[in-house]
Amino acid sequence: MDNDYIISLVEQGKRIDGRKFDEIREIVLEPNISKNAEGSARCKIGDTEVLVGVKMDIGEPYPDSPDEGSIVVTTELSPIASPEFELGPPGVQAIEIARIVDRGIRESKAIDFKKLVITSGEKCWILFIDIYPINDSGNLIDASALGTLVALKNTRYVKEENNKAVFGEFTNKKLELEKTPITITFVKIGNNILLDPNSKEEEVAEARLSAAVYNGRIYALQKGGDKGFSEKEIESMIDVAVKKEKDLKKIVDKAK
Amino acid sequence: MSYTKRDDGRKFDELRKIKAKVGVVKRADGSAMFQMGDTIAIASVYGPRELHPRFLQNPERGVLRCNYDMASFSVTERKKPGPSRRSTEISLVTEKALASVIDLDLFPNTVIDVFIEIIQANAGTRCAGISAAAMALAHAGIPMRDMVAAVSVGKVGDKIVLDLDKEEEDFEEGATDIPVAMTARKREITLLQLDGEVTKDELMEAIKMARKGCEEIHKIQVKTLKEIYKNG
């Protein structure tokens with residue numbers, strides 16, 4: 001599809017898929033999609049589909065935080081999901097997605113890292129959150145963040161014996177998710193701000209902003225794209241993000 | 001949660017002491033040093049030059065490529081040399097902070113390389129890097145539509161403060177770090193990140209404070225760039 005066509009449509013107040021500017025595509029969240037994972041989920045936003053798995057292992061706390069476990073977020077942009085993706089080590093796009101998801105969880109304290117400690121300064125649980133987009137039809141950031149929340153919600157500990165994880169043997173202990181930070185991404189096309197961009201819109205977008213919001217408060221922001229935003233535009237995006245957080249939280253709370 | 005006084009005696013909306021210099025890397029087409037308090041960034045610009053490998057070339061417009069790196073000795077505990085996920089992300093957001101002011105359409109098939117090295121770190125390194133890089137680009141004679149200045153704002157305890165130092169970033173009761181880059185004339189926000197927790201009103205107050213900080217930095221950038229021509 002012609003980029004100019006998308007831009008001229010937006011100027012007329014329309015989107016190629018018929019949505020309103022502040023309309024998010026249908027979200028489908030499916031927990032427990034992989035048996036051997038400690039936690040897992042599928043998140044679909046429209047045609048975009050992301051799988052998230054949580055694996056746990058026992059490691060050592062960082063020297064500067066002996067009473068805290070930690071999380072490691074990785075995104076694999078496999079060529080399965082888009083003609084744009086290639087095999088090889090994570091590129092800059094994959095790293096950016098992983099770091100945005102990481103910051104939303106970390107900064108909102110969605111997980112109490114202190115609860116992951118086994119022995120202070122010696123042993124702690126480390127959560128490996130691995131994100132695998134299966135189809136990139138746009139807005140992998142929000143799909144990855146939502147999928148991560150659902151995967152964490154159904155994460156159960158594996159058995160621990162002599163400070164070693166016994167993989168494959170699950171306990172009844174569930175990971176406690178203290179908060180559900182919702183990440184919401186906007187793009188700017190011409191002078192218009194659109195929520196939840198599809199891949200065509202991403203291609204023509206000049207600027208992007210992702211905000212992680214919980215209970216009306218902002219825990220992480222990331223601006224992308226070659227162009228900038230005005231202060232007014234940022235203010236209005238934050239207003240929308242705070243509003244949309246409530247709707248999305250309901251969807252996340254329902255996913256069990 | 002109250003933060004009543006800054007350890008270094010600054011006002012809450014006061015920048016750290018700034019030093020700037022251009023032409024610090026003679027072999028480069030353009031270069032600059034930018035220091036904010038104890039954070040020192042050096043940036044050099046090469047190009048526009050031919051982009052290799054060729055398949056990366058764009059026949060319609062030039063490519064801006066930024067690389068941010070922290071020297072192993074720049075922090076208290078030695079940092080492993082070479083790129084990391086953090087530095088890869090910062091290189092990306094730096095590119096995005098600078099791209100909108102450069103007319104890349106003028107340089108098809110070429111690359112403008114920007115290399116940023118942090119030689120001493122005390123918070124705000126990406127912002128110092130961007131302020132240095134913008135000056136280095138101007139020094140290299142790259143046509144620019146606007147200037148870019150960057151500064152970190154944030155919330156330390158219950159106060160919104162400008163240009164956080166390391167101690168403030170690590171404030172025991174919590175600090176929120178918001179790096180912001182802004183163009184000088186159009187006042188477009190080209191870098192915006194946030195780690196921490198703020199309300200919308202606090203965010204908007206912080207951005208306003210960042211704007212004032214960027215305006216001050218911008219004046220220093222222009223003054224420093226003009227000086228090289230004064231001295232012939």
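Structural data are supplied above this passage.
Since this is a predicted model, take the numbers as computed values, not measurements. (Residues numbered from 1 in each chain as written. Chains lettered and ligands numbered in written order. Predicted model: local features only at pLDDT ≥ 70, side-chain atom pairs only at ≥ 80, totals over all residues. Heavy atoms only, no water.)

### Things to note about a positive patch on the surface
Part 1 of the reasoning: A surface patch of like charges, here positive, comprises Lys-243, Lys-246, Lys-250 and Lys-254 of chain A.
Part 2 of the reasoning: Considering the arrangement of structural elements, one finds Lys-246 of chain A in helix H5 (residues 231-254). (Patch = residues over 30% accessible without salt bridge, like charges linked within 9 Å, V, L, I, M, F, W, Y side chains within 5 Å. Areas by Shrake-Rupley, 256 points an atom, 1.4 Å probe, with all protein chains shown as cover. Salt bridge = Lys/Arg side-chain N within 4 Å of Asp/Glu carboxyl O. Lys, Arg positive; Asp, Glu negative; His and termini not counted. Charge placed at Lys NZ, Arg CZ, Asp CG, Glu CD. Helix = DSSP H or I, 4+ residues; strand = E, 2+ residues; numbered from the N terminus.)

### Remarks on unusual backbone geometry
Part 1 of the reasoning: For the bond running from Gly-47 of chain B to Pro-48 of chain B, omega is 5 degrees, close enough to zero to count as cis.
Part 2 of the reasoning: By the secondary structure assignment, Pro-48 of chain B is in strand E3 (residues 39-50).
Part 3 of the reasoning: We note that Lys-109 of chain A has phi near 55 degrees; this positive angle belongs to a residue other than glycine.
Part 4 of the reasoning: Tracing the backbone shows Lys-109 of chain A in the loop between helix H2 (92-108) and strand E5 (117-119).
Part 5 of the reasoning: Taking the relative accessible area as the measure of exposure, Lys-109 of chain A reaches 57% and is therefore exposed.
Part 6 of the reasoning: Despite not being glycine, Ala-123 of chain B shows a phi value in the positive range, around 70 degrees.
Part 7 of the reasoning: Mapping Ala-123 of chain B onto the fold places it in the loop between strand E5 (110-120) and helix H2 (125-139).
Part 8 of the reasoning: Here Ala-123 of chain B falls in the buried class, since its relative accessible area comes to 6%. (Buried < 20%, exposed > 50% of the residue type's maximum accessible area, 1.4 Å probe, protein only.)

### Focus: the sheet that holds strand E4 (residues 63-70) of chain B
All names here are of chain B.
Part 1 of the reasoning: Strands sit in the order E1-E2-E3-E5-E4 across an open sheet of five strands; the sheet is mixed. The open sheet has two edge strands, strand E1 (18-22) and E4, and neither has a second partner. Adjacent strand axes in the sheet meet at a mean angle of 15 degrees, parallel and antiparallel pairs treated alike.
Part 2 of the reasoning: Of the pairings in the sheet, the one linking E1 to strand E2 (residues 30-36) comprises five bridges and is antiparallel in character. Looking at the pairing, Lys-19 lines up with Gln-35 of E2.
Part 3 of the reasoning: Packing of helix H1 (residues 85-99) onto the sheet brings it into contact with E4 and E5, and relative to E4 it is tilted by some 140 degrees. (Pairing = 2+ DSSP bridges. Axes fitted to C-alpha atoms, helices over the stretch in contact; angles between N-to-C directions. Contact = heavy atoms within 4.5 Å.)

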